[in-house]
Amino acid sequence: MPAMINHCAAKRISSNLRPVPNYRVLVRSLIAWFAKHARDMPWRRTHDPYAIWISEIMLQQTQVKTVIPYWERWMRKFPTIHALSTARTETVLRLWAGLGYYSRAQNLKRAARKIRNEYAGDFPSNFNDVLALPGVGPYTAGAICSIAFNQPTPVVDCNVVRVLSRVLAIRTNPRRNPAKEQIWKAAAGLVQTASLLNRSGGSRNCSHLNQALMELGATVCAPRDPDCPRCPLRKQCAANTLGCTALIPALAPRPKSTPREFAAFVVSHQGNYLIRKRAKTGINARLWEFPNAEFCDTAGSIASAARKCLGFATSNMRPIGTILHTITQNRICLRVFSSEEEQCGRNLTNSLRWCSVKQIQKLPFPSAHRQILRLLQNPKPLTR
Ligand code: SF4
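Please read these numbers as outputs of a predicted model, since none were measured by experiment. (Residues numbered from 1 in each chain as written. Predicted model: local features only at pLDDT ≥ 70, side-chain atom pairs only at ≥ 80, totals over all residues. Heavy atoms only, no water.)

Caption draft 1: Inspection of helix 12 (residues 205-219) at higher detail. When the terminal C-alpha atoms of helix 12 are compared, their 20 Å separation across 15 residues agrees well with the 21 Å that a helix rising 1.5 Å per residue should span. With 12 of 15 residues buried, helix 12 is to be regarded as a mostly interior element. (Helix = DSSP H or I, 4+ residues; strand = E, 2+ residues; numbered from the N terminus. Expected span 1.5 Å × (residues − 1). Buried < 20%, exposed > 50% of the residue type's maximum accessible area, 1.4 Å probe, protein only.)

Structure below.
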């Protein structure tokens with residue numbers, strides 16, 4: 001039966017039954033819907049480009065409910081571009097700890113310095129100037145210029161891709177051309193139409209139109225089982241009219257994740273723990289962590305792996321728990337071992353340092369290693 005539905009839908013989509021989208025109708029429907037159904041978010045209560053920029057960067061790869069407390073803490077600590085531009089990198093990373101993809105936080109600081117030096121601290125409003133900021137791509141530049149400055153710049157995130165692929169019944173992979181171009185063109189056409197309607201009504205149509213497209217994708221036009229009866233675009237949506245929403249967007253299957261195993265070594269001495277700082281570049285650059293290494297040599301002993309990682313031999317490494325987490329395509333199993341050292345006067349490499357729990361809590365630590373701290377208070381037996 002599903003194969004039959006596919007075949008029928010494909011045949012009908014390729015026919016001339018496809019409704020022709022009317023941008024004015026789409027824009028009016030989206031803006032009216034957004035006025036009623038927009039979720040309340042703290043960055044939606046302001047037009048400050050700095051606050052909107054921070055929210056857009058935090059929202060990349062992260063859900064709204066996770067971002068809200070981070071954004072609020074950030075805005076309290078760095079209420080202005082100047083405050084961020086003069087902050088210590090370690091403080092910036094500590095506030096970001098747990099959000100992942102730490103290069104985003106470092107780029108925010110670099111961009112704040114650029115804005116301070118080149119624009120006297122005023123956030124640029126020209127699209128190309130915004131695009132030239134470290135860590136800002138076409139999506140983020142479009143979002144800032146439209147949401148903060150109400151400019152007719154298109155935004156295309158994964159939610160917009162889904163909505164527009166369905167509205168236009170695009171059957172090919174929307175991440176590749178020509179479908180990709182078609183989606184950007186439609187997004188641009190919609191926001192330009194909103195800008196024209198701006199002159200004859202509503203004052204922030206570009207901002208509301210782009211936010212409405214993203215909001216609709218996030219709350220109604222779900223990847224599976226879109227709630228078409230509740231959608232303001234149901235009459236104009238080609239996929240809904242043709243009954244093929246389940247086939248669109250035609251994304252390529254996700255690459256399989258790779259399982260990887262690591263061992264982390266928690267070495268303590270009279271309430272202090274040995275931690276190390278990561279290199280200035282690469283994943284989790286400049287963050288602190290418990291010494292750890294990928295554990296590929298299943299035949300080797302934990303003691304020899306620990307010696308290699310720490311630079312000295314330890315006694316009594318005992319398992320205290322396992323932490324499972326995912327970084328991009330890697331499914332990581334982090335096995336945690338601990339040992340109590342009788343002396344701390346060893347020659348340590350530059351990146352290693354003894355710290356109390358209180359000191360550790362003030363340092364930027366990735367969330368998997370914060371979980372190790374919690375494990376120390378509540379040890380669990382290894383499950384594997
Ligand atoms: S009608 Fe359905 S498929 Fe079309 S945009 Fe709305 S929710 Fe998505």
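Caption draft 2: Main features of empty space enclosed by the protein. Per the counting criterion, the structure on display carries 1 cavity of 30 Å³ or more. One number sums up the size of the largest cavity: a volume of about 120 Å³. Looking at the largest cavity, it is lined by 15 residues, and the ones nearest its centre are Arg166, Cys221, Cys228, Cys231 and Cys237. Top contributing element to the lining of the largest cavity by residue count: helix 10 (residues 158-167), with 3 residues. Its residues assigned to classes, the lining of the largest cavity comprises 10 nonpolar, 2 polar and 3 charged. (1 Å grid on protein atoms, 1.4 Å probe; cavity = no way out; pocket = protein on both sides within 12 Å on 5 of 7 lines; lining within 4 Å. Points joined across faces, edges and corners; volume = space filled by probe spheres on them. Nonpolar A, V, L, I, M, F, W, Y, C, P; charged D, E, K, R; others polar.)

Caption draft 3: Broad picture of the packing of aromatic side chains. Inspection of every chain in the model, using the stated rule, returns 8 aromatic pairs. Above the ring of Tyr70, the side-chain terminus of Arg73 is found at 4.9 Å from the ring centroid. (Phe/Tyr/Trp six-rings, centres within 6.5 Å; stacked < 30°, edge-to-face > 60°. Lys NZ or Arg CZ within 6 Å of the ring centre and 35° of its normal.)

Caption draft 4: Molecular detail of unusual backbone geometry. Across the junction of Asn177 and Pro178, the peptide omega takes the value 5°, indicating a cis bond. Mapped onto the elements, Pro178 comes out in the loop between helix 10 and helix 11 (179-199). Note that the residue after Ile248, namely Pro249, is joined by a cis bond; omega there is 0°. The topology assignment puts Pro249 in the loop between helix 13 (238-242) and strand 1 (258-269). For Tyr101, which is not glycine, the phi dihedral falls at a positive 45°.

Caption draft 5: Expanded view of the site of the ligand. With respect to spatial proximity, the complete set of residues near the ligand consists of Arg166, Cys221, Pro226, Cys228, Cys231, Arg234, Cys237, Asn240 and Thr245. Counted by class, the shell around the ligand contains 5 nonpolar, 2 polar and 2 charged residues. (Near = heavy atom within 4 Å.)

Caption draft 6: View of the packing of helix 4 (residues 64-77) against helix 6 (residues 89-96). Contact geometry for helix 4 and helix 6: axes closest at 10 Å, N-to-C directions at 155°. For the element pair helix 4 / helix 6, the angle class is roughly antiparallel. Facing Tyr70, Arg73, Trp74 and Lys77 of helix 4, the residues of helix 6 in contact are Thr91, Val92, Leu95 and Trp96. Taken together, the residues of the contact of helix 4 with helix 6 sort by class into 5 nonpolar, 1 polar and 2 charged. (Axes fitted to C-alpha atoms, helices over the stretch in contact; angles between N-to-C directions. Parallel < 35°, antiparallel > 145°, perpendicular 65-115°, else oblique. Contact = heavy atoms within 4.5 Å.)

Caption draft 7: Seen up close, helix 10. With 9 of 10 residues buried, helix 10 is to be regarded as a mostly interior element. Looking at helix 10, one finds that the buried residues are Asn159, Val160, Val161, Arg162, Val163, Leu164, Ser165, Arg166 and Val167. With a side-chain oxygen positioned 3.1 Å from the backbone nitrogen of Asn159, the residue opening helix 10 is Asp157. Of the residues trailing helix 10, Ala169 is marked for its positive phi of about 50°. (Polar contact = N/O pair within 3.5 Å; in protein donor to acceptor, adjacent residues only side chain to side chain.)

Caption draft 8: How the structure looks around the side chain of Arg204. Residue position: Arg204 is located in the loop between helix 11 and helix 12. Buried and without a salt bridge, Arg204 has Asp48 as its closest oppositely charged side chain, separated by 11 Å. Side chain to side chain, Arg204 and His47 meet in a polar contact 3.3 Å long. (Lys, Arg positive; Asp, Glu negative; His and termini not counted. Salt bridge = Lys/Arg side-chain N within 4 Å of Asp/Glu carboxyl O.)

Caption draft 9: Focus on the confidence of the model for the protein. Looking at the protein as a whole, its pLDDT mean stands at 88, while 89% of the residues score no less than 70. Mean pLDDT values over the elements of the protein span from 44, in helix 1 (residues 2-14), up to 98, in helix 8 (residues 127-131). (pLDDT = per-residue confidence, 0-100.)

Caption draft 10: Quick look at a positive patch on the surface. There is a patch of like positive charges on the surface, built from Lys77, Arg94, Lys358 and Lys362. Of note, Arg94 is situated in helix 6. Among the residues examined, Arg94 registers a relative accessible area of 31% and is labelled partly exposed. (Patch = residues over 30% accessible without salt bridge, like charges linked within 9 Å, V, L, I, M, F, W, Y side chains within 5 Å. Areas by Shrake-Rupley, 256 points an atom, 1.4 Å probe, with all protein chains shown as cover. Charge placed at Lys NZ, Arg CZ, Asp CG, Glu CD.)

Caption draft 11: Structural context of the nonpolar core. Counting residues in each nonpolar core, the largest one holds 45 residues, and the members touching the most others are Leu164, Leu209, Leu213, Leu216 and Leu233. Going through the elements one at a time, helix 2 (23-37), helix 9 (138-149), helix 10, helix 11, helix 12 and helix 13 are the ones with two or more residues in this core. What Leu213 contacts, discounting residues up to four positions off in sequence, is Leu30, Val160, Val163, Leu164 and Leu190. Residues Trp43, Phe78, Leu108 and Val136 belong to the second largest nonpolar core, which totals 37 residues. (Core = buried A, V, L, I, M, F, W, Y, C linked by side-chain atoms within 4.5 Å.)

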